[in-house]
Amino acid sequence: PAALVFDAVTKAELISRWHPGAADFCSSDPRVGGAWRFGCTVAGKPMVRFGVYTEFDPPRRFVRTEAWEGVDAPGTIMTVDLVERDGKTTLTQHALFASREARDAIMKAGLTPQGMSSFYARLDVLLGSMA
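The present account deals with the structure reproduced in this document. (Residues numbered from 1 in each chain as written. Predicted model: local features only at pLDDT ≥ 70, side-chain atom pairs only at ≥ 80, totals over all residues. Heavy atoms only, no water.)

### Quick word on the overall build of the chain
Helix and strand counts for the chain stand at four helices and six strands. Relative to the globule expectation of 14 Å for 131 residues, the C-alpha radius of gyration of the chain, 14 Å, shows essentially globular dimensions. Going through the 131 residues of the chain one by one, you find that 34% of them count as buried. Taking contacts inside the chain between residues at least 6 apart in sequence as the whole, the part at least 24 apart equals 31%. Entry remark: accessible area of the chain is about 7,400 Å², with carbon and sulfur atoms responsible for 55%. Charged side chains in the chain number 15 positive and 15 negative. The centres of these two groups are separated by 3 Å. (Helix = DSSP H or I, 4+ residues; strand = E, 2+ residues; numbered from the N terminus. Rg over C-alpha atoms; globule rule 2.2 N^0.38 Å. Buried < 20%, exposed > 50% of the residue type's maximum accessible area, 1.4 Å probe, protein only. Contact = heavy atoms within 4.5 Å. Areas by Shrake-Rupley, 256 points an atom, 1.4 Å probe, with all protein chains shown as cover. Lys, Arg positive; Asp, Glu negative; His and termini not counted. Charge placed at Lys NZ, Arg CZ, Asp CG, Glu CD.)

Shown next, in the form of structure tokens:
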């Protein structure tokens, strides 16, 4: 159900169970104005993403800012929409970058469609264990 998927992508205790980028720490205050922060270590280097929720409409949609510590690129606006039909939920994520160069810098850091697919495969496993 959409409500379960929404919780899994906004609540720290669930995010930390599936999102590899939250392996070391994860905090999330899921409400308009609430901050979030995920961190992990990759090849001995800390990788930290953070931002603020700017729109929050459970279980249908949220929008948040997103930036990476140590990455010299403007922040991103991430919009996530969830649509439930016949007991299945489709999650659609859109990232709005400040420029093509900013997008390319983040993609070089590993945020690619292939990389994101592996994240969401882990989310599917978690959701399957909770249903």
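Here the narrative resumes, following the displayed structure.
### Section: empty space enclosed by the protein
Counted under the stated rule, the structure contains two cavities of 30 Å³ or more. Approximately 150 Å³ is the volume attributed to the largest cavity. Lining the largest cavity are 17 residues, with His19, Arg49, Arg64, Gln93 and Tyr120 sitting closest to its centre. Sorting the residues of the lining of the largest cavity by element identifies helix H2 (12-18), strand E4 (61-68), strand E5 (76-85), strand E6 (88-96) and helix H4 (113-130) as the ones contributing at least two each. Residue classes in the lining of the largest cavity are distributed as twelve nonpolar, two polar and three charged. Its boundaries defined by the atoms lining it, the second largest cavity holds a volume of some 30 Å³. Looking at the second largest cavity, the residues that line it are Glu66, Ala67, Trp68, Val71, Ala73, Pro74, Gly75, Thr76 and Ile106. If you tally residues by element for the lining of the second largest cavity, the top one is E4, at three residues. Here the residues of the lining of the second largest cavity sort into six nonpolar, two polar and one charged. (1 Å grid on protein atoms, 1.4 Å probe; cavity = no way out; pocket = protein on both sides within 12 Å on 5 of 7 lines; lining within 4 Å. Points joined across faces, edges and corners; volume = space filled by probe spheres on them. Nonpolar A, V, L, I, M, F, W, Y, C, P; charged D, E, K, R; others polar.)

### With respect to the side chain of Arg64
Relative to the helices and strands, Arg64 is located in strand E4. The contacts of Arg64, once residues within four sequence positions are left out, are Val9, Trp36, Phe38, Arg49, Val52, Tyr53, Thr54, Thr76, Ile77 and Met78.

### What to know about the sheet that holds strand E2 (residues 35-42)
Spatial strand order, E1-E2-E3-E4-E5-E6: six strands in an open sheet with antiparallel pairing. Both outer strands of the open sheet, strand E1 (25-28) and E6, are each paired with one neighbouring strand and no more. Here the strands of the sheet are splayed against their neighbours by 20° on average, with no regard to which way each runs. One ladder, built from nine bridges, connects E5 with E6; its direction is antiparallel. (Pairing = 2+ DSSP bridges. Axes fitted to C-alpha atoms, helices over the stretch in contact; angles between N-to-C directions.)

### As for the environment of Val80
Structurally, Val80 can be placed in strand E5. Residue Val80 is classed as buried on the basis of its relative accessible area, which comes to 3%. When the C-alpha atoms of Val80 and Val63 are compared, they prove to be 6.3 Å apart, with 17 residues separating the residues in sequence.

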